[in-house]
Amino acid sequence: MDPRSLGLILVGLGGSVGTTVAAGLELLRSGLATRDGLPLASVRVGEADGLVPYESIVVAGWDITTDDLHKAAKRHAALGADLLQPVTEALEAITPWPALEVSDDTAGARSQVDRARDDIARFKRESGVDDVVVVQVASTEPPPDLRWLRTATLEELDAAIDGADVALSSSILYCYAALAEAAPFVNFTPNPSFEFPALLALAARNRVPLAGKDGKTGQTLLKTVLAPALRARSLRVDGWYSTNLLGNSDGAALADPEARKTKIETKSGVLDAILGYAVDDHVVDICFYRPRGDDKEAWDSIDVTGFLGARMQLKVNFLCRDSLLAAPLVIELGRLMELAQRQGRHGVQAQVGCYFKAPVPVGTESVEHAFDRQHAALERWLVESGLSLR
Ligand SMILES: NC(=O)c1ccc[n+]([C@@H]2O[C@H](COP(=O)([O-])OP(=O)(O)OC[C@H]3O[C@@H](n4cnc5c(N)ncnc54)[C@H](O)[C@@H]3O)[C@@H](O)[C@H]2O)c1
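Trainee: Outline the pattern of salt bridges, listing residues and values.
Mentor: In the structure shown here, the tally under the stated rule is 20 salt bridges. Of the charged contacts, one joins aspartate 119 and arginine 115 as a salt bridge, the two residues approaching to 4.0 Å between their closest N and O atoms. Here aspartate 119 and its partner arginine 115 are both found in helix 5 (residues 109-127), four residues apart, which amounts to about one turn of the helix. Arginine 335 is paired through a salt bridge with glutamate 332; the nearest N and O atoms lie 2.8 Å apart. With arginine 335 and glutamate 332 both in helix 13 (residues 322-342), this residue pair falls three residues apart, about one helical turn. Overall, the relative accessible area of 0% leaves glutamate 332 in the buried class.

Quick look at the structure:
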């Protein structure tokens, strides 16, 4: 058995996605879970150059609520009692570390960053894992005013963390802490993180691989599958109406119009980029509707024009399970980032862009949104790494 093991450190461990990751890994370890829905389940593991086995992944992380993970998972109700019961003890044994406290000014930001760094280093030492990857799965935040960070150098960011009078957000501080500890960082949320020159410089200095942002799990996945086909057949998209009905705590956070703005931004960008023209009537909406719980309903109504002006419509209704689509991607991203770091890769890992709604560009390169091309890039990397998806 390959001794290599991975610590998956989640920001927002007690959330619906975080607890589903933890429960899913425990169920896999106990042999009680099938591998359906895990995109890289067929890739070779356990040898010097393979991926880390699922059974060798240990979770930890921070949250505002410090309920143990069994209590938190029961509250989210993404997983039924049949799935939680066999892993009760394992989940009860995991309690999130207290979240960083970020006030409006940055006074004390350095001590918060240092605490997060200590948490990462202590976990690595005490759990005995070989490597760690940090994944941001905390609540979507209202967009903080980070205009100053767009041009700030690493020295200026350090000065800000040391107490200058500018705004910072918790997602930036977690990201900074991970990069300072040379831990690969994945941003699975639409929150800002490493896409600023100062953080990219820190990642380059410490040779850290990065991936993000905002997991592509449901509606946007299907949009980026369908749009390339419509383009290939010259079916002109006149309008694309997308709405989401969801009743979990992510939905509650997105009921705040400011937080919703952050999410709608990452969901809206993909269409024009794939089609090559602007769709004026591309409407994206998110509706907090409690009865739906974690069973998110994604509705798309698409109007297209074909040969001789023929008007047609397409309706897509994805009745999905939000956290059960997200958790396997978080697990796979952890394994892929561990591989990237082992290969000495650093900076933005464009080859994992198929997992994100708004992939962060590498330098001035344009971003690929079409799912087929994104997935081909991932396959190419794996094949070049001596691994194959089949
Ligand atoms: N399919 C999906 O579920 C999906 C897809 C893409 C992106 N996401 C994103 O993943 C994130 C998590 O989704 P979720 O359904 O688990 O939401 P959730 O509300 O259930 O969980 C978020 C958790 O983050 C914690 N948190 C908030 N601020 C924090 C902080 N500063 N530090 C540490 N913890 C903090 C909350 O207490 C909560 O437990 C959201 O931002 C969501 O938009 C989810």
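Trainee: Hey, could you go over the sheet that holds strand 7 (residues 236-246) for me, with residue numbers and the actual values?
Mentor: Here four strands make up an open sheet; going across it, the order is 8-7-9-10 and the pairing mixed. Strands with a single pairing partner mark the edges of an open sheet, and in this sheet they are strand 8 (281-288) and strand 10 (311-319). Averaged over neighbouring strand pairs, the angle between their axes works out to 10° when direction is ignored. Strand direction decides the pairing type here: strand 7 and strand 8, joined by eight bridges, are parallel.

Trainee: Any chance you could break down the site of the ligand for me, citing the residues and the numbers?
Mentor: Among the 28 residues in the neighbourhood of the ligand, the closest are listed as Val17, Asp63, Ala138, Tyr174 and Ser249. Serine 139 places a polar main-chain atom, nitrogen or oxygen, 3.3 Å from an oxygen atom of the ligand. The side chain of threonine 217 places a nitrogen or oxygen atom 3.1 Å from a nitrogen atom of the ligand. Out of a free accessible area of 850 Å², the ligand has 93% covered by protein chains.

Trainee: Explain the side chain of glutamine 112 to me, and be specific about the residues and the numbers.
Mentor: Turning to its location among the elements, glutamine 112 is positioned in helix 5. For glutamine 112, the side chain forms a polar contact with the main-chain nitrogen of glutamate 101, separated by 2.7 Å. Residues in contact with glutamine 112, not counting those within four places in the same chain, are Leu100 and Glu101.

Trainee: I'd love a proper account of unusual backbone geometry, names of residues and values included.
Mentor: For the bond from glycine 212 to lysine 213, the omega torsion is 5°, close enough to zero to count as cis. When you line up the elements, lysine 213 lands in the loop between strand 6 (209-212) and helix 9 (219-232). With phi around 60°, alanine 182 is a residue other than glycine that occupies positive phi space. Summarising the element assignment, alanine 182 is placed in the loop between helix 7 (170-180) and strand 5 (185-187). Overall, alanine 182 belongs to the partly exposed group, its relative accessible area being 29%. Its identity is not glycine, yet arginine 207 carries a phi of approximately 55°, on the positive side.

Trainee: Could you give me a rundown of the pairing of strand 7, with the residues and numbers involved?
Mentor: Strand 7 sits mainly inside the fold: eight of its 11 residues count as buried. By the bridge criterion, nine bridges tie strand 7 to strand 9 (residues 297-305) in an arrangement that is antiparallel. Paired with arginine 236 across the two strands is threonine 305, which belongs to strand 9.

How each quantity is defined
- Residues numbered from 1 in each chain as written.
- Predicted model: local features only at pLDDT ≥ 70, side-chain atom pairs only at ≥ 80, totals over all residues.
- Heavy atoms only, no water.
- Salt bridge = Lys/Arg side-chain N within 4 Å of Asp/Glu carboxyl O.
- Helix = DSSP H or I, 4+ residues; strand = E, 2+ residues; numbered from the N terminus.
- Buried < 20%, exposed > 50% of the residue type's maximum accessible area, 1.4 Å probe, protein only.
- Pairing = 2+ DSSP bridges.
- Axes fitted to C-alpha atoms, helices over the stretch in contact; angles between N-to-C directions.
- Near = heavy atom within 4 Å.
- Polar contact = N/O pair within 3.5 Å; in protein donor to acceptor, adjacent residues only side chain to side chain.
- Areas by Shrake-Rupley, 256 points an atom, 1.4 Å probe, with all protein chains shown as cover.
- Contact = heavy atoms within 4.5 Å.

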